[in-house]
Amino acid sequence: MSNAPVLILLGPPGAGKGTQARMLEEDFGLVQLSTGDMLRAAVAAGTEAGRRAKSVMEAGQLVSDEIVLAILKDRMAQPDMARGIILDGFPRTDGQAAALDALLAANGQKVTAAVSLEVDDEAMVGRVSGRYACGSCGEGYHDQFKQPAHAGTCDKCGGAAFKRRADDNAETVRERLKAYHAQTAPLIAYYEGKGVLARIDAMGPIAEVRQALSSIVGQVAA
Ligand code: AP5
């Protein structure tokens, strides 16, 4: 039995799940679990799962539950999970939500809170297309909304090389938005039915969203 908090960030591509999850790690000592990051690492490493996921991700579709759950289960078996987790980009389907419930129940746990980051779709195309990250530490930036304090140098680690994701182009973002509305948005009602849902207006500046999220997380992860 564990009392460690289990938080879920729900929202379409560009809603700010990754940006906010990394801040919650810093603020509350929780561990960010991003299935997107795990899948990109598998693609980069050329594993069997990564080879199967690559073209699906580049097309903006969802990778199969089987592959995603195998990767996530491995990660959730690690000892640092006892600090509490922020799930970023998972679950994304009914099947993943049911599998998560079962995985947690086996450890005497359940979802503590699911926060829906509510945004306008059209603005998300611009947010995602302008995104880039430090090639060394992964810190995220944006051409317009979040630039390093000193151009060309990562604020966090001082790295000078930056990268952009293969699926961050306008056409693929629109496919990802479609997949979100068809397969993932229904989970908002699922968690509302369980009484653990909170909604946040995530169209404001990053710092405002951080404050709204922190006040929710502070109540369950203090
Ligand atoms: P994944 O990596 O999870 O991507 P996503 O859900 O499409 O989300 P993003 O990472 O694009 O957006 P985000 O909400 O994290 O926004 P961010 O904080 O970076 O998934 C990629 C692919 O992997 C999927 O398409 C699928 O193929 C596969 N996959 C992953 N998980 C899966 C699963 N469970 N099942 C099946 N397939 C799966 O912010 C975006 C930009 O905006 C940044 O530049 C940031 O600086 C900026 N920004 C953030 N907040 C604000 C704000 N409030 N105002 C202005 N700018 C902001």
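What you see is a predicted model; the values in this text were computed from it and never measured.

A. The arrangement of the sheet that holds strand β8 (residues 197–201) in detail. The parallel open sheet is built from five strands, whose spatial order is β2-β3-β1-β4-β8. Each having just a single partner strand, β2 (31–34) and β8 make up the two edges of the open sheet. Across the sheet, the axes of successive neighbouring strands diverge by a mean angle of 20 degrees, strand direction being ignored. Examined bridge by bridge, strand β1 (residues 6–10) and strand β4 (residues 113–118) share four bridges and lie parallel to one another. Counterpart to Leu 9 in the pairing with β4 is Val 115. Sheet strands touched by helix α1 (residues 17–28): β1, β2, β3 (85–88) and β4. Its angle to β3, the strand with the most contacts, is close to 170 degrees.

B. The arrangement of the state of the cysteines in detail. For the structure on display, the rule yields zero disulfides. Left without a disulfide partner, Cys 137 is nearest to the cysteine sulfur of Cys 154, which lies 3.7 Å away. Classification of Cys 137 as partly exposed rests on a relative accessible area of 37%. Between Cys 157, a free cysteine, and Cys 134, which holds the nearest cysteine sulfur, the sulfur-to-sulfur gap is 3.6 Å. We classify Cys 157 as partly exposed; its relative accessible area is 41%.

C. Expanded view of the side chain of Gln 32. Looking at the element boundaries, Gln 32 is found in strand β2. The class for Gln 32 is buried, based on a relative accessible area of 14%. A polar contact of 2.9 Å, which involves the side chain of Gln 32, links it to the side chain of Asp 88.

Conventions used here
Residues numbered from 1 in each chain as written. Predicted model: local features only at pLDDT ≥ 70, side-chain atom pairs only at ≥ 80, totals over all residues. Heavy atoms only, no water. Pairing = 2+ DSSP bridges. Helix = DSSP H or I, 4+ residues; strand = E, 2+ residues; numbered from the N terminus. Axes fitted to C-alpha atoms, helices over the stretch in contact; angles between N-to-C directions. Contact = heavy atoms within 4.5 Å. Disulfide = S-S within 2.5 Å. Buried < 20%, exposed > 50% of the residue type's maximum accessible area, 1.4 Å probe, protein only. Polar contact = N/O pair within 3.5 Å; in protein donor to acceptor, adjacent residues only side chain to side chain.

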